[in-house]
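A look at the structure
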Amino acid sequence: MALTGIGILKMLPKTNCGECDVPTCLAFAMKVAAGQMDIGACPYVSEEVKNEVGEASAPPIRSIVLGSGDNTFKMGGETCLYRHEKRFEHPTGIAVLVRTDMDEGDIAGRLQRFRDLRYDRVGLLLKADLIAIKDASGDEEAFVSLVGRVLNECPDAVLILISGLADILAAGAKVCKDHKPLLYCTTKENAESVADVASDAGCPLTIRGETLGETAEISEQLQKAGIKDLVLDTGARTVRAAFEDQVAIRRASIKHKNKVLGFPTITFPCEMTGDPLLETIIASMLIAKYAGIMVLSDLQGDTLSPLLLERLNIFTDPQRPMVVEEDIYPINGPDENSPVLITCNFSLTYFIVSGEVEGSKVPSWLLIKDTEGLSVLTAWAAGKFSADIIGMFINKSGITDKVKHRCLIIPGYLASIKGELEEELPDWNIRIGPREASHLPPFLKDWQAEV
Ligand code: SF4
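Residues numbered from 1 in each chain as written. Predicted model: local features only at pLDDT ≥ 70, side-chain atom pairs only at ≥ 80, totals over all residues. Heavy atoms only, no water.

**Thoughts on the overall build of the protein chain**
Of regular secondary structure, the protein chain possesses 16 helices and 17 strands. Overall, the protein chain is about 80 × 65 × 35 Å in size when its C-alpha atoms are taken along their principal axes. Looking at the protein chain as a whole, 48% of its 451 residues are labelled buried. For the protein chain, the accessible area works out to roughly 21,400 Å², and carbon and sulfur atoms hold 50% of it. Distance between charge centroids for the protein chain: 4 Å, based on 46 positive and 64 negative side chains. (Helix = DSSP H or I, 4+ residues; strand = E, 2+ residues; numbered from the N terminus. Buried < 20%, exposed > 50% of the residue type's maximum accessible area, 1.4 Å probe, protein only. Areas by Shrake-Rupley, 256 points an atom, 1.4 Å probe, with all protein chains shown as cover. Lys, Arg positive; Asp, Glu negative; His and termini not counted. Charge placed at Lys NZ, Arg CZ, Asp CG, Glu CD.)

**Concerning the layout of surface pockets**
Within this model, the largest pocket holds a volume of roughly 1,500 Å³. Those elements giving two or more residues to the lining of the largest pocket turn out to be α2 (25-33), α3 (47-57) and α9 (239-254). In terms of residue count, the dominant contributor to the lining of the largest pocket is α3 (seven residues). Class assignment for the residues of the lining of the largest pocket results in 18 nonpolar, 13 polar and 10 charged. In this structure, the second largest pocket spans a volume of roughly 620 Å³. Surrounding the second largest pocket, 23 residues form its lining, F73, P91, L125, D129 and R311 being those nearest its centre. Put simply, the parts of the chain that give the lining of the second largest pocket at least two residues each are β2 (71-75), β5 (124-127) and α11 (301-314). Taken together, the residues of the lining of the second largest pocket break down into 11 nonpolar, three polar and nine charged. (1 Å grid on protein atoms, 1.4 Å probe; cavity = no way out; pocket = protein on both sides within 12 Å on 5 of 7 lines; lining within 4 Å. Points joined across faces, edges and corners; volume = space filled by probe spheres on them. Nonpolar A, V, L, I, M, F, W, Y, C, P; charged D, E, K, R; others polar.)

**With respect to a negative patch on the surface**
Taken together, D139, E140, E141 and D167 make up a surface patch of like negative charges. Of note, E140 is situated in helix α5 (residues 140-153). (Patch = residues over 30% accessible without salt bridge, like charges linked within 9 Å, V, L, I, M, F, W, Y side chains within 5 Å. Salt bridge = Lys/Arg side-chain N within 4 Å of Asp/Glu carboxyl O.)

**As for unusual backbone geometry**
For the bond running from Y184 to C185, omega is 5 degrees, close enough to zero to count as cis. Relative to the assigned elements, C185 resides in strand β8 (residues 182-186). Not every positive phi belongs to a glycine, and N16 is a case in point at roughly 55 degrees. For N16, a relative accessible area of 43% gives the class partly exposed. Despite not being glycine, D21 has its phi angle at roughly 70 degrees, a positive value. Residue placement: D21 occurs in the loop between α1 (5-9) and α2. Judged by relative accessible area, which is 73%, D21 ranks as exposed.

**Side note on the site of the ligand**
If you check the shell around the ligand, you find P13, T15, N16, C17, G18, E19, C20, C25, F28, C42 and P43 and nothing else. For the ligand, the cavity whose grid points lie within 2 Å of the majority of its atoms is the second largest cavity. (Near = heavy atom within 4 Å. Sits in = over half its atoms within 2 Å of the grid points.)

**Thoughts on empty space enclosed by the protein**
A complete count under the given rule lists four cavities of 30 Å³ or more for this structure. Considering only enclosed or pocket space, the largest cavity measures out at about 150 Å³ in volume. Lining the largest cavity are 18 residues, and of these E78, R250, Y290, A291 and G292 lie nearest its centre. Grouping the amino acids of the lining of the largest cavity by side-chain chemistry returns 10 nonpolar, six polar and two charged. Reported here for the second largest cavity is a volume of approximately 90 Å³. If you trace the second largest cavity, you find 16 residues lining it, with C17, G18, C20, C25 and C42 closest to the centre. A per-class count over the lining of the second largest cavity returns 11 nonpolar, four polar and one charged.

**Looking at the nonpolar core**
One finds I94, I131, I133, L159, L161 and L299 to be the most contacted residues of the largest nonpolar core, which totals 67 residues. In terms of nonpolar packing, the next biggest core, distinct from the first, is built from 23 residues, I342, F385, I394 and L421 among them. (Core = buried A, V, L, I, M, F, W, Y, C linked by side-chain atoms within 4.5 Å.)

**As for the sheet that holds strand β11 (residues 266-267)**
Across the sheet, eight strands lie side by side as β10-β9-β8-β7-β6-β3-β12-β11; this open sheet has parallel pairing. The open sheet has two edge strands with one neighbour each: β10 (230-233) and β11. (Pairing = 2+ DSSP bridges.)

**With respect to the pattern of salt bridges**
Taken as a whole, this structure holds 22 salt bridges when the rule is applied. In this structure, D229 engages R62 in a salt bridge whose closest nitrogen and oxygen atoms are separated by 2.7 Å. Placement of D229 in the loop between α8 (212-224) and β10 and of R62 in the loop between α3 and β1 (64-68) is noted, with a sequence separation of 167 residues between them. D156 serves as the salt-bridge partner of R118, at 2.7 Å between the closest nitrogen and oxygen. Within this pair, whereas R118 is found in strand β4 (residues 118-121), its partner D156 is found in the loop between α5 and β7 (158-162), the two being separated by 38 residues in sequence. When its relative accessible area of 26% is taken as the criterion, R118 is described as partly exposed. What you see here is one network of salt bridges that share partners, running through E104, R115, R149 and E153.

**Thoughts on the side chain of E214**
Take E214: it is sitting in helix α8. For the buried E214, no salt bridge exists, and the shortest N-O distance to an oppositely charged side chain is 4.5 Å, to K188. Sequence-distant contacts of E214, that is, excluding residues within four places in its chain, are made with K188 and G209. (Contact = heavy atoms within 4.5 Å.)

**Here's the deal with the pairing of strand β15 (residues 364-369)**
In terms of burial, β15 is largely enclosed, as six of its six residues are buried. What you see with β15 is no split at all: S364, L366 and I368 on one side and W365, L367 and K369 on the other are buried throughout. Judged from the five bridges that link them, strand β13 (residues 327-331) and β15 form a sheet pairing that is antiparallel. Directly across from I328, in β15, lies its bridge partner L367. As judged from the five bridges shared by strand β14 (residues 340-344) and β15, these two strands associate in the parallel manner.

By themselves, these are just geometric observations and shouldn't be taken as functional.
Here it is in structure tokens:
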């Protein structure tokens, strides 16, 4: 059962020394209970307490880390059934499948697309995360060679090694022993031998049952044998069964604290249909409900990009707005005569406005005011983007050292505060910009023509 803050406080030294970067032991205990801090941050607790609290405060779905160094993929660690209750922790991993029996062109194309299909959006790099390498014919040499090739050609890929044969999995794991791949899979038949491979290699292991019930049985058996890092595949290969199993596993672990099913999942849209478009639709469902990893048959820009965007939307923290830092952002190499624009620090606003300014090719200064991630109108309504606040920000920002003119372009939605702003900034000429960012390029070109 989860420990309360008071329960955790009883185990702390109660000296309020502050070495954990929290002023009091009580505040620290509350943060640990809320999952915001690790008990290990207090240097004075014993290993016994660390284990007790760690176990009691562990998320109902075990956290698993694959890969190494800068190229890791985290899954599990989920604590809620619905995103609005808190947040979803780790985005569904997108994997592409390569098999030892594929033509050279098919393999090369998939690896190439894994490297090339990357999208920069709101300051984040969106891309596929994993490559699943499948032994299709029991040929150890071909499997080992393909694992080596993937490591070489796609060094930032996290790997899933797929074979039903323990020896082949062991040989593949040896090639990438520093990369901590996910091993797939152990079944009722090979549970012992594959579990030994996973233990020796120190890699997480996938269980594949024929049904949800059988998956739970194997999980129980392996946990009794001391294997802790497990990933579940219930064997479902129809849309309905996959959906039902994903929801059942999430419910059982979150609502009923079922330890046997408290692990992240792997799913195979690539084995549910031969139609690439249908596969994408299935994948989109599995992002929402609740796949840890999904393995796709191929990556294509027109289907990968919407999946990445869906994933980005679902796995943002609904309690924390996406923000950029308050600062002066130079765009297109501005100088002392370049226009000065101001907007809020909601990251979507920043990226849309900066994108339009960049597209206009007019050198400009973009001032970003911290509005706690609120958009322009919301921030104004909340009193975080009012004339006095903007006036103070302009005076302190240092923009007057960068330009010799005194003309400030404000968002069109703030037209009503123009008069107040002129009072706050008597030396400045306040210009009302367009309401829509897409109208900025002609607006800036006109401004450029005027000066
Ligand atoms: Fe209390 Fe430990 Fe934090 Fe010191 S470091 S305030 S003893 S919890």
